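Single-letter residue listing:
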Amino acid sequence: MSTSSRYPFTAIVGQDDLRLALLLNAVSPAVGGVLVRGEKGTAKSTAVRALAALLPPVRTVEGCRFSCDPAAPDPGCPDGPHPAVGPGGERAARMVELPVGASEDRLVGALDIERALAEGVKAFEPGLLADAHRGILYVDEVNLLHDHLIDLLLDAAAMGASYVEREGVSVRHAARFLLVGTMNPEEGELRPQLLDRFGLTVEVAASREPDQRVEVVRRRLAFEDDPAAFAGRWSGEEAGLRERVAAARALLPRVRLGDGALRRIAAVCAAFEVDGMRGDLVMARTATALAAWAGRTEVAVEDVRQAALLALPHRRRRNPFDAPGLDEEKLDEVLRDAAADDPEDEPPTPPEGQAPEEPGGGDDDGPGPDGGGGGRPDPGDGAGDGSGGLPPQRTEDSGAPAPEDAPEALTGAEPGESGGGTPRPASAEQRAVAAGEPFRTKVLSVPGLGAGAAGRRSRARTEHGRTTGATRPEGALTKLHLTATVRAAAPHQRARGRSGRGLVVRRDDLRQATREGREGNLVLFVVDASGSMAARRRMGAVKGAVLSLLLDAYQRRDKVGLVTFRGREAEVALPPTSSVDAAAARLQALPTGGRTPLAAGLLKAHDVLRVERLRDATRRPLLVVVTDGRATGGPEPMALAGRAARLHAAEATASVVVDCETGPVRLGLAGELARELRGTAVTLDELRAEALTGLVKDVTDHHRARRAA
């Protein structure tokens, strides 16, 4: 992308935390990268792409595909060895994008196994990690990337090198880059273990101020009208910010992180119960970069505070449904206590008369998506305000308010234990009741062998897992089965004129390893929210059970959907998504009341699964119906529910019915429903891991019996 077609970094409206986090990583890549979380259209991608223009140019060894520095070439470079002092060229820092659908070979590089076996040479084609060396590696929608690719990516970022190993042939090359990931939390969360690997995290949102939104639109339209002219109007601010980044990089080695600052960092991490030591290290590096960015040679208290706001919110999550955040009042209290315990208070000392500046080189004062518009900023924009070069402190929401934990009224119970007869008028809608405590559930899996996206639930053919056999490759060879290849080549050695110890291997001899691992499934919850659930005061327990299953789905990398039924109809409360958080939020807010249109819920689930099979035929569904089995409303409600259940059975949909019936007298209607679905019925108590023994076996046995029939 040319400079004139890239939106200028300094023209982005507001987004102070985002700009500061990116600039700190430009000053000190050791900070560990940035994860940008936020709603769509908030300048996430625009800011990352604009950052590349602010990085200093890169000197490289001529002809080296791995961008070795002529002054200090990598001794293990696959294109080496390079002369100690050789000719070098200069190029702009790269911004390399990793597509969500990229393969492992595209990321880390590919070894030509055929040439390695037949010719004994290491033929290596560099991947995106090599392209990004000494530049920026950008992953849009990082939460949608497969876990094993994220692990490879973060390992390379942490070690500064990439290792490629295939059947005993290995290649290593340097891979130091500024890692930036963006994500929309509505589309699914990253696991806490992966979140922890990002140095900093920032939350972005569009401004609700009309004036700021107007400025965003004005600039964006001007940029789209004439990108070159727009970039030219901001070239002065861009040059000034580029010089400031270079100056901060030069100052960084002279910045002192005193014992007082270290004690504050340790006190903050301990007070917020941050797991491990990565948080302390990232805070120390971030505070040092903040001091250098502000032109100081001493880390000050405000540097530690700002570092905590950037480095710790995503490390505070204790379970997948916790929203990232940090209590700023508690942070200030911890810093005051640390200062009282340690009288050493290091005043900031700007060197050579430098004055602190605002980050971003003259940015305007409002957040906005993709920003664009014309005009030069006011000369006063970006002037120092005595804050050490930091933007105004953000105000973070500690999370959505908890749902009301009010007891549900006991009105609206439905008579007719068998589901027949004429019920009383349906009850009015009840307020949402809080979910019970989640618990660990036993594994519910889809029987058979699938071929869906990598996950942790059901058996499937995958690229990673245990080797189960070998086959002829279709297209490029990716996973060599060495034993099968040798067996295929051995009978032909004399005919091929073999001489010496080497094995003569041809392409027809190569065998691809087939592997078996686990896949993620589509877990579709069909939840009864009728008056009978409220009347028996069991909706809290039901929500707790579904929440527990959602936690299990999160850990097993499933997609989830939520269908609810009550009153006269069913609705899709949440279409299938990777965001288990969204499903949990919809579940918490689910009200109850009315009749029990069980057939409508099953038919709505059938429609959802039909559409999802067209979208992704490889992702196998698991239907989880949470009900007491009652059906009311309309003529013959139980017969209609049975016919709807048989539609799922005809399509061999794996099903589990969670029986919510309680009390000394039980009608067993949920068991009847499970038989119509040709699935398995379990009670709420049996769903618990400590009590549910053999459920996976039961589900599998049911489907084996169904196939045999």
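In case you missed it, the structure is sitting above this.
A brief look at the structure comes next.

Cut-offs applied
- Residues numbered from 1 in each chain as written.
- Predicted model: local features only at pLDDT ≥ 70, side-chain atom pairs only at ≥ 80, totals over all residues.
- Heavy atoms only, no water.
- Helix = DSSP H or I, 4+ residues; strand = E, 2+ residues; numbered from the N terminus.
- Contact = heavy atoms within 4.5 Å.
- Areas by Shrake-Rupley, 256 points an atom, 1.4 Å probe, with all protein chains shown as cover.
- Axes fitted to C-alpha atoms, helices over the stretch in contact; angles between N-to-C directions.
- Parallel < 35°, antiparallel > 145°, perpendicular 65-115°, else oblique.
- Nonpolar A, V, L, I, M, F, W, Y, C, P; charged D, E, K, R; others polar.
- Buried < 20%, exposed > 50% of the residue type's maximum accessible area, 1.4 Å probe, protein only.
- Arc of directions from axis to C-beta.
- 1 Å grid on protein atoms, 1.4 Å probe; cavity = no way out; pocket = protein on both sides within 12 Å on 5 of 7 lines; lining within 4 Å.
- Points joined across faces, edges and corners; volume = space filled by probe spheres on them.
- Pairing = 2+ DSSP bridges.
- Disulfide = S-S within 2.5 Å.
- Core = buried A, V, L, I, M, F, W, Y, C linked by side-chain atoms within 4.5 Å.
- Polar contact = N/O pair within 3.5 Å; in protein donor to acceptor, adjacent residues only side chain to side chain.

1. With respect to the overall build of the protein
Within the protein, the secondary structure is distributed over 22 helices and 20 strands. Taking as baseline every contact in the protein between residues at least 6 positions apart, the subset at least 24 positions apart corresponds to 81%. As presented, the protein carries roughly 31300 Å² of accessible surface, and 50% of it is formed by carbon and sulfur atoms.

2. Digging into the packing of helix α17 (residues 539–555) against helix α18 (residues 580–588)
Between α17 and α18, whose axes approach to 10 Å, the crossing angle comes to 175°. In terms of orientation, α17 lies roughly antiparallel with respect to α18. Contacts between α17 and α18 involve Lys-543, Val-546, Leu-547, Leu-550 and Tyr-554 from the former and Val-580, Ala-583, Ala-584, Leu-587 and Gln-588 from the latter. Partitioned by chemical class, the residues of the contact of α17 with α18 number eight nonpolar, one polar and one charged.

3. Points about α18
If you check which residues of α18 are buried, you get Val-580, Asp-581, Ala-583, Ala-584 and Leu-587. What you see down the axis of α18 is that its buried residues fit within an arc of 160°, all on one side. The inward-facing, buried residues of α18 abut α17, β16 (559–566) and β17 (569–577).

4. Details of the layout of surface pockets
Each pocket or cavity is described by its volume, and for the second largest pocket that value is around 1300 Å³. Forming the boundary of the second largest pocket are 47 residues, of which His-146, His-148, Gly-452, Ala-453 and Ala-454 lie nearest the centre. Counting only elements with at least two residues in the lining of the second largest pocket, the list comes to α3 (104–108), α6 (147–159), β12 (454–462), β14 (512–519) and α17. Here the lining of the second largest pocket is built from residues that sort into 13 nonpolar, 15 polar and 19 charged.

5. Quick look at unusual backbone geometry
Peptide bonds are, in most cases, trans, and in most cases residues other than glycine have a negative phi. One non-glycine residue, Glu-273, lies in positive phi territory at about 55°. Here Glu-273 is to be found in the loop between α11 (259–271) and α12 (278–293). A residue is classified by how much of its surface remains accessible, and Glu-273, at 53% relative accessible area, is exposed. Although it is not a glycine, Ala-652 sits at a positive phi angle of roughly 55°.

6. Topic: the sheet that holds β14
Sheets are built from strands paired through backbone hydrogen bonds, the pairs being either parallel or antiparallel. Here three strands make up an open sheet; going across it, the order is β12-β14-β13 and the pairing antiparallel. Of all the strands in the sheet, just β12 and β13 (466–471) have a single pairing partner and so form its edges. Sheet twist, expressed as the average angle between the axes of neighbouring strands with direction ignored, equals 30°. Bridge count between β12 and β14: six bridges; the pairing is antiparallel. Along β14, the bridge assignment pairs Arg-459 with Arg-518.

7. Concerning the environment of Asp-685
Its location among the elements puts Asp-685 in the loop between β20 (680–683) and α22 (695–708). With a relative accessible area of 58%, Asp-685 lands in the exposed category. Placed 140 residues apart in sequence, Asp-685 and Ala-545 show a C-alpha to C-alpha distance of 9.4 Å.

8. A look at the state of the cysteines
As enumerated under the stated definition, the model contains zero disulfides in all. Summary of cysteine pairing: Cys-64 is not part of a disulfide, and the nearest cysteine sulfur, belonging to Cys-77, is at 3.7 Å. Residue classification places Cys-64 among the buried residues on the basis of a relative accessible area of 11%. Take Cys-77: it sits in no disulfide, and the sulfur closest to it among the cysteines is that of Cys-68, at 3.7 Å. Under the relative-accessibility criterion, Cys-77 is labelled buried at 6%.

9. What to know about the nonpolar core
Core analysis: the biggest nonpolar cluster contains 69 residues, and Phe-9, Leu-22, Leu-51, Val-268, Met-283 and Trp-293 have the highest contact counts within it. Tallying contributions element by element places α12 first for this core, with nine residues. Leaving out residues up to four positions away in the same chain, Val-268 has contacts with Met-283, Ala-308, Leu-312, Leu-331, Val-334 and Leu-335.

10. Some points on the pairing of strand β11 (residues 200–204)
The side chains of a regular strand alternate, residue by residue, between the two faces of the sheet. Burial analysis of β11 places four of its five residues in the buried class, which makes it a mostly covered element. Pairing analysis gives five bridges linking strand β1 (residues 34–38) to β11, with the strands arranged parallel. Within β11, the position partnered with Leu-35 by the bridge is Thr-201.

11. Remarks on the side chain of Asn-521
Looking at the secondary structure, you find Asn-521 in the loop between β14 and β15 (522–528). A relative accessible area of 0% places Asn-521 in the buried class. Looking at Asn-521, its side chain comes within polar contact range of the side chain of Glu-519, at 3.1 Å. In this structure the side chain of Asn-521 is engaged in a polar contact, spanning 3.2 Å, whose partner is the backbone oxygen of Arg-620. For Asn-521, the contacting residues outside a window of four places in its chain are Val-446, Arg-457, Ser-458, Asp-558, Lys-559, Arg-619 and Arg-620.

12. Quick look at the sheet that holds β1
Across the sheet, which stays open at both edges, the five strands sit in the order β4-β7-β10-β1-β11 with parallel pairing between neighbours. The open sheet is flanked by β4 (95–97) and β11, the only strands paired with a single partner. Between one strand axis and the next, the sheet turns through 20° on average, direction left out of account. Set on the sheet, helix α1 (residues 16–27) makes contact with β1, β10 (178–183) and β11; between it and β11 the angle comes to about 155°.

13. Digging into the environment of Gly-188
The topology assignment puts Gly-188 in the loop between β10 and α7 (192–195). Along the primary structure Gly-188 and Thr-577 are separated by 389 residues, whereas in three dimensions their C-alpha atoms are 7.5 Å apart. Here Gly-188 is in contact with Asn-143, Met-183, Ser-578 and Ser-579, once residues within four sequence places are set aside.

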